[in-house]
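Remarks on the overall topology
Chain by chain, the residues:
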Amino acid sequence: MKKFLIAGLGNIGAEYAGTRHNIGFQILDQLVGEGTVVFQPDRLGDVAQFRLKGRTLICLKPATYMNRSGKAVRYWLEREKIPLQNLLVVTDDLNLPFGTLRLKTKGSDGGHNGLKDIQEVLGTTMYSRFRFGIGSDYASGGQVDYVLGKWSETERNTMPERLQRSAEAIRSFVLAGTSITMNTFNGT
């Protein structure tokens, strides 16, 4: 049976709920919420596990804060004996327009501290990442406030469809693989 670790990045705490930087948590909530399982506190994060057509998905929302996500990701990869090619990290991306989806199988951290920590801890950039565009509509020097800020009303109105599309992309990654998923979802 194939196992997959789907790690949605974000920050724990009520003050971060509904912020752009927590889109990884929101996407995993959508994915898990479409089934009958719920997240439960576990080692280094909240975890939900379910089966999808003979595959096991272990969904992780690290409790280590964004900049220390690597420790939780490595722990769950090792604990569940999940190969690196079955890891998908779900994160926000300032370099993509709001709601744009992009799956990549490797690459740089793009200035994202969560990805940077994962790459340092795992010692590789050879893992899949699913990026959700949050745009870059902020003044010079306002990046931190922007990523930790709440969604605009227009973004909130579009969010249900974007979250559903993101969950579809993750299921495609698990069932159809990276090439088909990239061709179907990248840029949408």
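The text that follows walks through the structure, step by step, so that each part is easy to find.

1. Quick look at the packing of aromatic side chains
Two numbers describe a pair of aromatic rings. These are the distance of the centres and the angle of the planes. What the rule picks out here adds up to 7 aromatic pairs. Between Phe 98 and Phe 132, the aromatic rings sit 6.0 Å apart at their centres with planes inclined by 80°, giving edge-to-face as the arrangement. Residue Phe 98 is found in the loop between strand S5 (87–93) and strand S6 (101–104), and its partner Phe 132 is found in strand S7 (residues 128–133); the two are separated by 34 residues along the sequence. Taking the centre distance of 5.6 Å and the plane angle of 65° together, the rings of Phe 98 and Trp 151 count as edge-to-face. You can see Phe 98 sitting in the loop between S5 and S6 and its partner Trp 151 sitting in the loop between helix H4 (143–147) and helix H5 (153–176), a full 53 residues away along the chain. Accessibility expressed as a relative area gives 5% for Trp 151, which makes it buried. Counting every residue linked through ring pairs, the aromatic cluster contains Phe 98, Phe 132 and Trp 151. Seen from the ring of Phe 39, Lys 61 lies directly overhead, with NZ or CZ sitting 4.3 Å from the centre.

2. Here we look at helix H2 (residues 69–80)
In a regular helix each residue adds 1.5 Å, so 12 residues correspond to 16 Å; H2 covers 17 Å between its end C-alpha atoms and thus fits that length. Three or more residues of H2 are buried, namely Ser 69, Gly 70, Ala 72, Val 73, Trp 76, Leu 77 and Glu 80. One side of H2 carries all its buried residues, which in axial view fall inside an arc of 165°. Its buried side turned inward, H2 meets strand S1 (2–8), strand S2 (40–42), strand S3 (45–52), strand S4 (55–62), S5 and helix H3 (113–122).

Definitions and limits used
Counting from 1, residues in each chain are numbered in the order their sequence is written. Where local features are concerned, this predicted model is filtered to residues with pLDDT of at least 70; where side-chain atom pairs are given and counted, the filter is 80 or more; whole-chain, interface and lining totals use all residues. Where side-chain values are given, they derive from all heavy atoms of the structure, hydrogens and water being excluded. Centres within 6.5 Å make a pair out of two Phe, Tyr or Trp rings, where for Trp the six-membered ring is used; the pair is then stacked when the planes are under 30 degrees apart, edge-to-face when over 60, and tilted otherwise. In this text, helices come from DSSP runs of H or I with a minimum length of four residues, and strands from runs of E with a minimum of two, each type numbered from the N-terminal end. To sort residues, take the accessible area from a 1.4 Å probe on protein chains only and compare it with the maximum for the residue type: under 20% means buried, over 50% means exposed, and anything in between is partly exposed. Counting as a charge over the ring demands two things of the Lys NZ or Arg CZ atom: a distance within 6 Å of the ring centre and an angle within 35 degrees of the ring normal. Residue count minus one, scaled by 1.5 Å, sets the expected span of a helix. Think of it as the arc spanned by the lines of direction from the helix axis to the C-beta atoms. We call two residues in contact whenever any of their non-hydrogen atoms come within 4.5 Å of each other.

Limitation: the analysis is restricted to geometry and does not speak to function.
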